[in-house]
Amino acid sequence: MENRSFRRMGREAGVIGLGAWQLGADWGQVTEADAHETLQAAVDAGVTFIDTADVYGDGRSEQIIGSFIKDRPGLTVATKMGRREEQRVEIYTLDNFRRWTDRSRANLSVDTLDLVQLHCPPTPVFASDAVYDALDTLVQEKRIRAYGVSVEKTDEALAAIARPGTASVQIILNAFRLKPLERVLPAAAEAGVGIIARVPLASGLLSGRYDENTTFGADDHRNYNRHGEAFDVGETFSGVDYATGLEAVRRLRPLVPEGATMAQFALRWILDQHGVTVVIPGARNPDQARANASAAGLPPLPDETRAAVTAVYDELIRPAVHDKW
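(A) Geometry of the sheet that holds strand E8 (residues 166–172). Strand order in the open sheet formed by eight strands is E3-E4-E5-E6-E7-E8-E9-E10, and the pairing between neighbours is parallel. Looking at strand neighbours, the two that pair on one side only are strand E3 (18–19) and strand E10 (278–279), the edges of this open sheet. Examined bridge by bridge, strand E7 (residues 147–150) and E8 share four bridges and lie parallel to one another. If you follow Tyr147 over to E8, its bridge partner there is Thr166.

Rendered as structure tokens:
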């Protein structure tokens, strides 16, 4: 698998990582044994970057990953903090950062966290000198090796990229979310900030496996958060109306290279965007993990294919979502 650099971290990662939200909650139940099998399949396929958060299953995802990585050196585990409490600017303090990261260190059974990201905090947090000073203190105290941010909006990403200590920005990027290509990816590439592409399959829509008759469980956010009832609607289907997303997939399907799946095509499209460091599709079973990782072996998509993806976005999706994030 191709490796790309987090320049400000001094680390490399395989271009396909693993998003571990599924291993915690909100996607239906995954047993710990199944989670370990999925993690092992991903690592065997070349994955070296695993992304989680303290809020995924209220720590369950971190705990599962912590038990998995004990005897497996060489992996980078990124976690996130801040979403377990009511979202107010005032909670983003050094004392809380220490408390939150201490909990994640215990969950993951490590002394020092590889990468800690602010987990989509209120927008004013990204402009706070005190917040970045506190994050720098965590590095000095060796609670964390590096820090980054996970964002909802491109302006938040740009604010974080401008800070010299920011190692990474995690942002929604997929064939249904093209806005980061305009300013965020170029700014990150120039600054040496890693880009972690999240929600790469638009909550599974870009896998091509769903239709108008697909149903999701009561504990699946694709059922209960379609209109942002529980958290930002952009986290579910990238904020795209479900019916519109299905139509977009139908138009994109003829672009899929022979021998590839729709999901692999969608992941390859992200890898072809200059400035992307790692993309973090989720997987609930070993087969999904292996299939996702194999997207790294596909050749780059031709210019005409990338142009066709943009045309579908411009016609169906841009009018509804482009200016929201």
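(B) Fine view of unusual backbone geometry. Unlike most non-glycine residues, Phe237 shows phi in positive territory, near 55°. Along the chain, Phe237 falls in the loop between helix H7 (221–224) and helix H8 (242–252). Positive phi, close to 55°, is recorded for Ser238, a residue that is not glycine. Position of Ser238 among the secondary structure elements: in the loop between H7 and H8. Taking the relative accessible area as the measure of exposure, Ser238 reaches 0% and is therefore buried.

(C) Spatial organisation of the nonpolar core. Phe97, Leu118, Leu135, Val169, Phe176, Leu206 and Leu252 are the most contacted members of the largest nonpolar core, which has 92 residues in total. Per element, the largest residue contribution to this core is eight residues, and it comes from helix H9 (residues 262–271). Excluding its chain neighbours within four sequence positions, the residues that come into contact with Phe97 are Met81, Tyr92, Leu118, Val131, Ala134, Leu135 and Leu138.

(D) Broad picture of the environment of Arg183. Mapped onto the elements, Arg183 comes out in the loop between E8 and helix H6 (184–191). Sequence spacing of Arg183 and Leu158 is 25 residues, and the spatial spacing of their C-alpha atoms is 8.0 Å.

(E) Summary view of the side chain of Asn174. Tracing the backbone shows Asn174 in the loop between E8 and H6. At a separation of 2.6 Å, a polar atom in the side chain of Asn174 contacts the main-chain amide nitrogen of Phe176. Ignoring any residue separated from it by four or fewer positions in sequence, one finds Asn174 in contact with Val199, Pro200, Ala202, Leu206, Ser238, Trp269 and Ile270.

(F) Examining the pairing of E8 more closely. Most of E8 sits out of view: seven of its seven residues are buried. Following the chain from E7 across helix H5 (residues 154–161) to the adjacent parallel E8, one finds a crossover that is right-handed. Strand direction decides the pairing type here: E8 and strand E9 (residues 194–198), joined by five bridges, are parallel. Residue pairing for E9: Ile171 is matched across the bridge by Ala197. With H6 bridging E8 and the parallel E9, this β-α-β connection has right-handed handedness.

(G) The side chain of Arg222, seen in detail. Tracing the backbone through its elements, the reader meets Arg222 in helix H7. Relative accessible area serves as the criterion here: at 6%, Arg222 is assigned to the buried category. At a separation of 2.8 Å, a polar atom in the side chain of Arg222 contacts the side chain of Asp220.

Reading guide: rules and limits
Residues numbered from 1 in each chain as written. Predicted model: local features only at pLDDT ≥ 70, side-chain atom pairs only at ≥ 80, totals over all residues. Heavy atoms only, no water. Pairing = 2+ DSSP bridges. Helix = DSSP H or I, 4+ residues; strand = E, 2+ residues; numbered from the N terminus. Buried < 20%, exposed > 50% of the residue type's maximum accessible area, 1.4 Å probe, protein only. Core = buried A, V, L, I, M, F, W, Y, C linked by side-chain atoms within 4.5 Å. Contact = heavy atoms within 4.5 Å. Polar contact = N/O pair within 3.5 Å; in protein donor to acceptor, adjacent residues only side chain to side chain. Right-handed = clockwise from strand over helix to strand, strands pointing away.

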